[in-house]
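Now for the letters of each chain:
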Amino acid sequence: FRQLASDQIALPLTAHLGGAQYPVAPGAPANSHLNLIIFEQTAAYDPEALHRNERRQIRVASRDYVIRPIDHVSDFKRDAFPAYLSFYNRTQYQVGAKRRDNAYFSRWADRLFQIPNVRVLGGYRGSELAGVSLSFLVDDTIDYASYFCDAQALKQHLSDLMLHTLREAAAKTAGVNRIFMGSFKGDPGLDDFKFLRGAKLLRQPAFLDVNPL
């Protein structure tokens, strides 16, 4: 969301070999857009303003699940791995597919918990960790980076309760202006989940600099 001028950009070597895209100020040369899904006006979040079905799903999930932070990497390694395997087996999601291996998952967890301003939330069904969300505070933006859950939690709307918990926390955090939910993917299942809950599409003018070779 930080608008940049071309003379502020120092592209790394890999970008010179391939390409880079960055947002620019209004009126600056632009040849593309970043299509970003965001929740804005975070301080005004009111769950009662959601559609009736979304409110019901939050209530349903709250009867079976409790959301609480995961503060220790050892707890994450032990409890989150089964939920991740269930998520992968259901979706065959290829980003980070190596995490199916317990040793690789453990190394990823070590790196994850070293990142400043990371917030790891767990959705617990009794003592069992059924779902995890990862978010990061960067300047005035919360980046809702990742969410995974097991098959039962998917059916019981844990994703609604997890998002609701994050939006309530953002509303109480001074200086937070938006929640970034990822780029528009054109996937009705993923995108509509966000739009039905009040997210907006922001088309940010951008410059795409690609190696012509």
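Further up the page is the structure itself.
(A) Here's a closer look at the overall build of the chain. The number of helices and strands found in the chain is seven helices and eight strands. Over its C-alpha atoms, taken along the principal directions, the chain stretches across nearly 55 × 45 × 30 Å. Split into buried and exposed, the 213 residues of the chain put 37% on the buried side. Intrachain contacts of the chain at a sequence separation of at least 6 include 69% that bridge at least 24 residues. Accessible surface, the chain as shown: approximately 12200 Å² in total, 53% of it carbon and sulfur. Computed over 26 positive and 22 negative side-chain charges, the inter-centroid distance for the chain is 4 Å.

(B) Looking closely at the packing of aromatic side chains. Tallied over the entire structure, the rule returns 13 aromatic pairs. A centroid spacing of 5.8 Å and a plane angle of 85° characterise the contact between Phe1 and Phe180, whose relative ring orientation is edge-to-face. Taken together, the residues span a long stretch of sequence, with Phe1 in the segment before helix H1 (13-17) and Phe180 in strand S7 (residues 178-183) at a distance of 179 residues. Plain terms: the ring middles of Phe87 and Phe148 are 6.2 Å apart, the flat faces sit at 45° to each other, and that makes the pair tilted. A residue pair is termed long-range when its members are at least 10 positions apart, and Phe87 in helix H3 (residues 73-91) and Phe148 in strand S6 (residues 141-149) qualify at 61 residues. A relative accessible area of 2% means that Phe148 is categorised as buried.

(C) Geometry of helix H4 (residues 102-112). Burial in H4 covers these residues: Phe105, Ser106, Trp108, Ala109 and Leu112. Seen end-on, H4 carries its buried residues on one side only, within an arc spanning 165°. Summarising the contacts, the buried residues of H4 are in contact with H3, strand S4 (118-125), strand S5 (128-138) and S6. You can read the cap of H4 off the contacts: a side-chain oxygen lies 3.1 Å from the backbone nitrogen of Ala103, and it is on Asp101.

(D) Inspection of the sheet that holds strand S1 (residues 19-23) at higher detail. What the eight strands build is an open sheet, ordered S1-S8-S2-S7-S6-S5-S4-S3; its pairing is mixed. Since the sheet does not close on itself, it has two edges, and those belong to S1 and strand S3 (66-69), each with one partner. Shown here is a sheet whose adjacent strand axes are inclined to one another by a mean of 35°, direction ignored. Bridging between strand S2 (residues 32-40) and S7 involves four bridges; their strand directions are antiparallel. Looking across to S7, one finds that Glu40 is bridged to Arg178.

(E) Looking closely at the side chain of His164. Inspection of the secondary structure assignment puts His164 in helix H6 (residues 158-171). Residues within four places of His164 in sequence aside, it is in contact with Tyr45, Pro47 and Ile58.

(F) The arrangement of the side chain of Lys194 in detail. By the element assignment, Lys194 lies in helix H7 (residues 188-195). This buried residue, Lys194, is left without a salt bridge; Asp191 holds the nearest opposite charge, at 4.7 Å. Within the structure, Lys194 has its side chain in polar contact with the backbone oxygen of Met181 (distance 2.9 Å). Ignoring any residue separated from it by four or fewer positions in sequence, one finds Lys194 in contact with Ile37, Phe39, Met181 and Ala199.

(G) The packing of helix H2 (residues 52-64) against H6, seen in detail. Closest axis-to-axis distance for the H2/H6 pair is 8 Å, and the angle between their directions is 100°. Relative to H6, H2 is oriented roughly perpendicular. Contacts between H2 and H6 involve Glu54, Gln57, Ile58, Ala61 and Ser62 from the former and Leu158, Asp160, Leu161 and His164 from the latter. Taken together, the residues of the contact of H2 with H6 sort by class into four nonpolar, three polar and two charged.

(H) Representation of the pairing of S4 within the structure. The element S4 is extensively covered by neighbouring structure, given that six of its eight residues are classed as buried. Bridging between S3 and S4 involves four bridges; their strand directions are antiparallel. Its bridge partner being in S4, Val66 is matched across the sheet by Tyr124.

Rules behind the numbers
- Residues numbered from 1 in each chain as written.
- Predicted model: local features only at pLDDT ≥ 70, side-chain atom pairs only at ≥ 80, totals over all residues.
- Heavy atoms only, no water.
- Helix = DSSP H or I, 4+ residues; strand = E, 2+ residues; numbered from the N terminus.
- Buried < 20%, exposed > 50% of the residue type's maximum accessible area, 1.4 Å probe, protein only.
- Contact = heavy atoms within 4.5 Å.
- Areas by Shrake-Rupley, 256 points an atom, 1.4 Å probe, with all protein chains shown as cover.
- Lys, Arg positive; Asp, Glu negative; His and termini not counted.
- Charge placed at Lys NZ, Arg CZ, Asp CG, Glu CD.
- Phe/Tyr/Trp six-rings, centres within 6.5 Å; stacked < 30°, edge-to-face > 60°.
- Arc of directions from axis to C-beta.
- Polar contact = N/O pair within 3.5 Å; in protein donor to acceptor, adjacent residues only side chain to side chain.
- Pairing = 2+ DSSP bridges.
- Axes fitted to C-alpha atoms, helices over the stretch in contact; angles between N-to-C directions.
- Salt bridge = Lys/Arg side-chain N within 4 Å of Asp/Glu carboxyl O.
- Parallel < 35°, antiparallel > 145°, perpendicular 65-115°, else oblique.
- Nonpolar A, V, L, I, M, F, W, Y, C, P; charged D, E, K, R; others polar.

By themselves these figures say nothing about function.
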